[in-house]
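Descriptive structure summary
The chain contents come next:
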Amino acid sequence: MNEQNSKKQILKSSSIIGGASIISIVFGLVKVKGLAMIMGPGGVGLLGILQSLLGLAGTLFGLGLGTIGVREIARFHDQQEKVGEVRKALFIANLMLGLLAAGLIISFRVMLSERLFGSSEQQLAVCLVGIGVLFTLIGASQSAVLQGFRKIAELAKVKIITALASTVIGLGAVYYLGSNGIAVFLLVLPVAGCLCGLFYTRKLPKVRSINSSWPELWPLWKSMATLGAVYMLSGFLGEGTKLLVREFIIEDMDLHAVGYFQAAWSISMTYIGLVLGAMAADYYPRLTQAMDNSKQANELVNHQTEIAIVFAAPIILGMITFAPLVITILYSSEFVPSIEILRWQVAGDILKIIAWPISFIVLASGKGRLYFLLEMSWNISYVFLVYFGLQIFGLEATGYAFVLSYLVYLGCSFWSARRLIGFHWISANKNFGLWLLVATATILLASYFNSVATMLVGSVFTITSILVSLRMLNDIGVVSKKINQLLVFGKKLKLIR
């Protein structure tokens, strides 16, 4: 596959999942806005802690099997019986692990409520989180199958349907039940995702290995769990870090401060999820299949990096420029303390986007221990910097720590990729990546002096990045009269060459 076709393939799959992600994000923003208006910062903070508990438990009990499932299905996509064994093993394992997780969380509901909230009043919410973990793991097994088969359209449909259902039912629960409805608000998403995933995986071709007995599946379970445990620990560290940081904030400040942090975190993770999630659906299986050829893998990673940073740039620069407006629209004027945090987290997302395609080299190669160390580099850095930074800089330290931690992560990712496949960036990625970092630093610096100057400077950089994105579309063969007109206009203004 030549360079142009490779980029077209990446763009096609990304546009399908990206379109679904945009719709999902719109519904998500409606949900968050509704929650903020009904419950205020305290309600947003409560949701953040419950989400962290759900993510932590889902990661711990998931044993990394979803990640390994995608890899195994992609590797053996042309071996029907092997794929059938992986599918069955994945579903049964996640079902059993989900039941175990739900049982333990419900059993320890009082302790968890007291530990996380300082009282036993949130027992019911904790129980519902346990049920949510069960549905999360079952849904993860179905998503892994769809992603392994590169069923991009089906993954997109799951996103849209799940977002719609969770918005309507979730907001209804909060409106009628108040704070007691927040756990229901959280639970709807994994339940809807699980049911949609089951519906679409049942449409896949039946496999002959469906009658395999449990003893026959045991070697496969053991193999998947051994490698998956390392990825589970990596994910567990990440979710644990999120929960720990929220605990630091609530101990040093209060639940409202957690709400301000959660607002910035949610916006940052939502749009970054749009960029990265859209690409991961097809990128991970393709990279797994290319790992036997270092040159091909290098090219694929560079193409993915180029598209990721070029198309994320307008969102990043626009978000930093108009952060006050974004916070006010998506939440309310009560969330003003979130503005600076959001700007710095978005700046850190640049480093995350650059590092993300590279880190998948470690994932696709099956180097579990190295991947664990790579993820740990970010988690340890972030926790350390937040813990000491809160006492010096206040809540804004969470944003500063985010940038510095991803700088460490980017360095570790590049070193790992260099070691595994001799990875190097092409000049286009180096040049645009450097330009994006300079543009971001300029807007951030302006934000400390004058809001009008920030918007003017930021708007110029944002428009320039949009024109660069359009030029890439033109270069890979996306023909459009309007794109050509905009590019001519940009050249006249000397914003692009």
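Just so it is clear, the structure is predicted and the values come from calculations on it, not from any experiment.

1. Here we look at the overall build of the protein
Along the backbone of the protein there are 17 helices and zero strands. Across the 497 residues of the protein, 56% fall into the buried class. Partitioning the contacts of the protein with sequence separation of at least 6, the portion at a separation of at least 24 is 82%. Taken as a whole, the protein presents about 21600 Å² of accessible surface, with 65% of it coming from carbon and sulfur.

2. Describing the packing of helix H4 (residues 109-117) against helix H5 (residues 123-148)
Relative to each other, H4 and H5 sit at 115 degrees, their axes nearing to 9 Å. Taken together, the axis directions place H4 and H5 in an arrangement best described as roughly perpendicular. Judged by the twist between their axes, the crossing of H4 over H5 is right-handed. Of the residues in H5, those in contact with Arg109, Val110, Leu112 and Ser113 of H4 are Gln123, Val126 and Cys127. When the residues that make up the contact of H4 with H5 are grouped by side-chain class, the tally is four nonpolar, two polar and one charged.

3. Examining helix H13 (residues 368-393)
Counted at 1.5 Å a residue, the expected span for H13 with its 26 residues is 38 Å, and the 36 Å between its end C-alpha atoms agrees. Bending of H13 peaks at approximately 25 degrees at the position of tyrosine 387. Phi turns positive one or two residues past the end of H13, at glycine 394, with a value near 80 degrees.

4. A word on the packing of aromatic side chains
Counted under the stated rule, the structure contains 22 aromatic pairs. Centre to centre, the rings of tryptophan 265 and tyrosine 382 are 6.3 Å apart; their planes meet at 35 degrees, and the pair counts as tilted. Taken together, the residues tryptophan 265 in helix H9 (residues 255-290) and tyrosine 382 in helix H13 connect sequence positions 117 residues apart. By the burial criterion, tryptophan 265 is buried, and tyrosine 382 matches it. Arranged with centres 5.3 Å apart and planes meeting at 40 degrees, the rings of tryptophan 378 and tyrosine 406 form a pair that is tilted. Note that tryptophan 378 is positioned in helix H13 and tyrosine 406 in helix H14 (residues 397-421), a separation of 28 residues in sequence. By the burial criterion, tryptophan 378 is buried, and tyrosine 406 matches it.

5. Digging into a nonpolar patch on the surface
There is a patch of nonpolar side chains on the surface, built from Met37, Ile38, Tyr175, Tyr176 and Leu177 and spanning about 650 Å² of accessible area. Sort the elements by how many residues they give to the nonpolar patch and helix H6 (residues 152-177) lands first, with three residues. Mapped onto the secondary structure, tyrosine 176 falls in helix H6. With a relative accessible area of 70%, tyrosine 176 lands in the exposed category.

6. A word on the packing of helix H10 (residues 294-321) against helix H15 (residues 427-447)
How two helices sit against one another is set out by the angle between their axes and by the gap between those axes. The contact between H10 and H15 brings their axes to 10 Å, and the two run at 10 degrees. With respect to H15, the element H10 is oriented roughly parallel. Counting all contacts with H10, which are made through Asn302, Thr305, Glu306, Ile309, Val310, Ala313, Ile316, Leu317, Ile320 and Thr321, the residues of H15 involved are Ala428, Asn429, Phe432, Gly433, Trp435, Leu436, Ala439, Thr440, Ile443 and Leu444.

7. Topic: the side chain of serine 338
Locating serine 338 in the fold gives a position in helix H12 (residues 338-364). With sequence-adjacent residues up to four places away left out, serine 338 is seen in contact with Tyr260, Ala263, Ala264 and Ile327.

8. Looking at H12
The end-to-end C-alpha distance of H12 is 36 Å, a good match for the 39 Å that 27 residues give at a rise of 1.5 Å each. Where H12 bends most, at tryptophan 356, the angle is about 40 degrees, and the proline proline 357 comes one to four residues later. Taken across its 27 residues, H12 has 25 buried, putting it largely inside the fold. Positive phi shows up at glycine 366, right after H12, with a value of about 75 degrees.

9. Details of the nonpolar core
Soluble, globular proteins show a tendency: their nonpolar side chains are buried together. In terms of nonpolar packing, the biggest core is built from 122 residues, with Leu287, Leu342, Ile361 and Tyr382 touching the most fellow members. The element best represented in this core is H12, accounting for 17 residues. Setting aside its immediate chain neighbours within four residues, leucine 287 contacts Ala297, Leu300, Val301, Phe360, Ile361 and Ala364.

10. Details of the environment of tryptophan 378
On the accessibility criterion, tryptophan 378 (8% relative accessible area) is buried. On a C-alpha basis, the gap between tryptophan 378 and threonine 241 in space is 9.7 Å, while along the polypeptide they are 137 residues apart. With sequence-adjacent residues up to four places away left out, tryptophan 378 is seen in contact with Thr241, Trp265, Phe402, Ser405, Tyr406 and Tyr409.

11. Focus: the confidence of the model for the protein
For the protein, per-residue confidence averages 78 on the pLDDT scale, and 78% of positions sit at 70 or higher. The weakest mean pLDDT in the protein belongs to helix H17 (residues 481-492) at 53; the strongest belongs to H14 at 91.

Cut-offs applied
- Residues numbered from 1 in each chain as written.
- Predicted model: local features only at pLDDT ≥ 70, side-chain atom pairs only at ≥ 80, totals over all residues.
- Heavy atoms only, no water.
- Helix = DSSP H or I, 4+ residues; strand = E, 2+ residues; numbered from the N terminus.
- Buried < 20%, exposed > 50% of the residue type's maximum accessible area, 1.4 Å probe, protein only.
- Contact = heavy atoms within 4.5 Å.
- Areas by Shrake-Rupley, 256 points an atom, 1.4 Å probe, with all protein chains shown as cover.
- Axes fitted to C-alpha atoms, helices over the stretch in contact; angles between N-to-C directions.
- Parallel < 35°, antiparallel > 145°, perpendicular 65-115°, else oblique.
- Left-handed = near helix turned anticlockwise from the far one by under 90°.
- Nonpolar A, V, L, I, M, F, W, Y, C, P; charged D, E, K, R; others polar.
- Expected span 1.5 Å × (residues − 1).
- Bend = angle between axes of the 7 residues up to and from the residue.
- Phe/Tyr/Trp six-rings, centres within 6.5 Å; stacked < 30°, edge-to-face > 60°.
- Patch = residues over 30% accessible without salt bridge, like charges linked within 9 Å, V, L, I, M, F, W, Y side chains within 5 Å.
- Salt bridge = Lys/Arg side-chain N within 4 Å of Asp/Glu carboxyl O.
- Core = buried A, V, L, I, M, F, W, Y, C linked by side-chain atoms within 4.5 Å.
- pLDDT = per-residue confidence, 0-100.

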